[in-house]
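Observations on the model geometry
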Amino acid sequence: EKANFEQITPENSANFIRTTCGWCLAAYILGLSDRHRENTLVRLSDGSAIPIDFGFMLGNTAPSVNTYMITISSQMYNYLLQNEAWSSFATMFLAGFMCIRLYADVFLSLAGHLFTGHRDPVFVRRFIANRLLKQHENHVQALNRIVKRLRHAPVCSDTKFKIENHQKNKIF
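Residues numbered from 1 in each chain as written. Predicted model: local features only at pLDDT ≥ 70, side-chain atom pairs only at ≥ 80, totals over all residues. Heavy atoms only, no water.

**Focus: the overall build of the protein**
Secondary structure assignment for the protein yields 7 helices and 2 strands. Starting at the N terminus and ending at the C terminus, the protein contains elements arranged as α-β-β-α-α-α-α-α-α. Taking all 172 residues of the protein together, the buried fraction comes to 44%. Pairs at least 24 apart in sequence give 76% of the contacts found in the protein among residues at least 6 apart. (Helix = DSSP H or I, 4+ residues; strand = E, 2+ residues; numbered from the N terminus. Buried < 20%, exposed > 50% of the residue type's maximum accessible area, 1.4 Å probe, protein only. Contact = heavy atoms within 4.5 Å.)

**Here we look at the packing of helix α1 (residues 10-30) against helix α3 (residues 86-102)**
Where α1 meets α3, the axes come as close as 10 Å, and the angle between the chain directions of the two elements is 40°. In terms of orientation, α1 and α3 fall into the oblique class. Remark: the crossing between α1 and α3 carries right-handed chirality. On the side of α1, the interface is formed by Ile 17, Arg 18, Thr 20, Cys 21, Cys 24, Leu 25, Tyr 28 and Ile 29, while α3 contributes Phe 89, Met 92, Phe 93, Gly 96, Phe 97 and Ile 100. Taken together, the residues that form the contact of α1 with α3 break down as 11 nonpolar, 2 polar and 1 charged. (Axes fitted to C-alpha atoms, helices over the stretch in contact; angles between N-to-C directions. Parallel < 35°, antiparallel > 145°, perpendicular 65-115°, else oblique. Left-handed = near helix turned anticlockwise from the far one by under 90°. Nonpolar A, V, L, I, M, F, W, Y, C, P; charged D, E, K, R; others polar.)

**Concerning the packing of α1 against helix α5 (residues 121-131)**
Relative to each other, α1 and α5 sit at 125°, their axes nearing to 8 Å. As far as their axial angle goes, α5 and α1 are oblique. Along its contact with α1, which presents Tyr 28, Ile 29 and Leu 30, the element α5 presents Phe 127, Ile 128 and Arg 131. The residue inventory of the contact of α1 with α5, partitioned by class, reads 5 nonpolar, no polar and 1 charged.

Listed below in structure tokens is the structure:
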């Protein structure tokens, strides 16, 4: 994620928002931590946000404050508000979450196979099932809980601290 969003042209803004929403959802479900601006590339030619650095996932945490829930920086949130896109971002995120949750059995099976050799498949399925709030049988309860997490994301003190300290440490 660029600290300077002026480089994203109005023509590429919609793609930037869609792809950022996609990686935010994937990062949340897979438990990617260590999310900060320098772990996202932005292809300026079309606005695609491309996450990088997957060293900490599925419960493995970086040796500092982590951003392992839904990671939306205050800069990204302000960008979405300025472009009147927070509602559409949130709708895409929640729709994607509910779609994956509805097909969780297939997704969990696939994830168990994909991460074989990296983590125990039973652990992977349990971890992702928790992220999909499968312990809540009721879809409405799960939706209410993920909405709360999404609303909290732009004001999360851990995310703010992680981003600010990462930038400060880059100065040295």
